[in-house]
Amino acid sequence: MLPNEVVDVLNRPASQELLARTIARLGYVAQDGTPRTIPIGFTWTGAEFVLCTAKNAAKVRSLKKNPAVALTIDTEAQPPQILLVRGSSTQEALDHVPDEFLQQAKGMPPEQAAAWEAEVRDLYRDGMVRIKITPSWAKLIDFETTLPSAVEELLRRKRG
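Read on for a plain summary of the structure. (Residues numbered from 1 in each chain as written. Predicted model: local features only at pLDDT ≥ 70, side-chain atom pairs only at ≥ 80, totals over all residues. Heavy atoms only, no water.)

The next subject is the overall build of the protein. A count of helices and strands for the protein gives six helices and seven strands. Order of helices (α) and strands (β) in the protein, N terminus to C terminus: α-α-β-β-β-β-α-β-β-α-α-β-α. Counting the 160 residues in the protein, one finds 39% classified as buried. Residue pairs in contact within the protein that sit at least 24 positions apart in sequence constitute 66% of those at least 6 positions apart. In the form shown here, the protein has an accessible surface area of approximately 9400 Å², with 53% of it arising from carbon and sulfur atoms. Put simply, the protein has 20 plus and 20 minus side-chain charges, and the middle of one group is 8 Å from the middle of the other. (Helix = DSSP H or I, 4+ residues; strand = E, 2+ residues; numbered from the N terminus. Buried < 20%, exposed > 50% of the residue type's maximum accessible area, 1.4 Å probe, protein only. Contact = heavy atoms within 4.5 Å. Areas by Shrake-Rupley, 256 points an atom, 1.4 Å probe, with all protein chains shown as cover. Lys, Arg positive; Asp, Glu negative; His and termini not counted. Charge placed at Lys NZ, Arg CZ, Asp CG, Glu CD.)

Next comes the structure, spelled out in structure tokens:
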């Protein structure tokens, strides 16, 4: 997929709504070669995804070995809206809690956000790892203008 095609998908209104969410599912290959998918908080900068994690997290070691990742951001309502992204990750070990991680408190009441931030700063006092993902492929499935590829193929066969 060409970079401008990725940008076109990510700039669609439905994609922008999904990119405003705070939880994605991260898929990667673990060190033992088996697949993993985990829910994780993220921030979309307009050019890349930023995820933050503990320095001792298994995914940190796995992503150093194989930086290829997939992300899914979706809704629970029917029909779901689904944004699928593939890309490559980079990592940066930090001696502090990154602002992108603290932004996850944006929907909390002020008192709760302050308490959460204090707990986070205490827990991660030695810092965190910032993982950045640059998208190289993206697909929006909204079941109105786009469908899963397999369903599109079945519809073509049915009409054909």
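Right, let's talk about the packing of aromatic side chains for a bit. Each aromatic ring pair is described using two quantities: the centre-to-centre distance and the angle formed by the ring planes. In this structure the tally under the stated criterion is four aromatic pairs. Measuring from centroid to centroid gives 4.6 Å for Trp44 and Phe49, while their planes differ by 50 degrees, and the two rings are tilted. The class of Trp44 is buried, set by a relative accessible area of 18%. Seen from their ring centres, Phe101 and Tyr124 are 5.8 Å apart, and the 80 degrees between their planes marks the pair as edge-to-face. Here Phe101 is found in helix α4 (residues 99-102), whereas its partner Tyr124 is found in the loop between α5 (110-123) and β7 (128-141), with 23 residues between them in sequence. For the pair Phe101 and Tyr124, a shared accessibility class is recorded, and that class is buried. What links up through ring pairs into an aromatic cluster is the set Phe42, Trp44 and Phe49. Above the face of the Trp137 ring, Arg86 is positioned so that its terminal group lies 3.8 Å from the ring centre. (Phe/Tyr/Trp six-rings, centres within 6.5 Å; stacked < 30°, edge-to-face > 60°. Lys NZ or Arg CZ within 6 Å of the ring centre and 35° of its normal.)

Residue Pro79 is bonded to the preceding Gln78 through a cis peptide linkage, with omega at -5 degrees. Position of Pro79 relative to the elements: it lies in the loop between β5 (68-74) and β6 (82-93). Non-glycine residue Phe143 carries a positive phi angle of around 65 degrees. Along the chain, Phe143 falls in the loop between β7 and α6 (149-159).

This paragraph deals with the environment of Arg130. On the secondary structure map, Arg130 appears in strand β7. Residue classification places Arg130 among the buried residues on the basis of a relative accessible area of 13%. Note: C-alpha distance between Arg130 and Val60 (70 residues apart in sequence) is 9.6 Å. Excluding residues within four positions of it along the chain, Arg130 makes contact with Val50, Leu51, Thr90, Gln91, Glu92, Leu94, Pro98 and Glu100. Polar contacts involving the side chain of Arg130 include one to the side chain of Glu100, which spans 3.2 Å. (Polar contact = N/O pair within 3.5 Å; in protein donor to acceptor, adjacent residues only side chain to side chain.)

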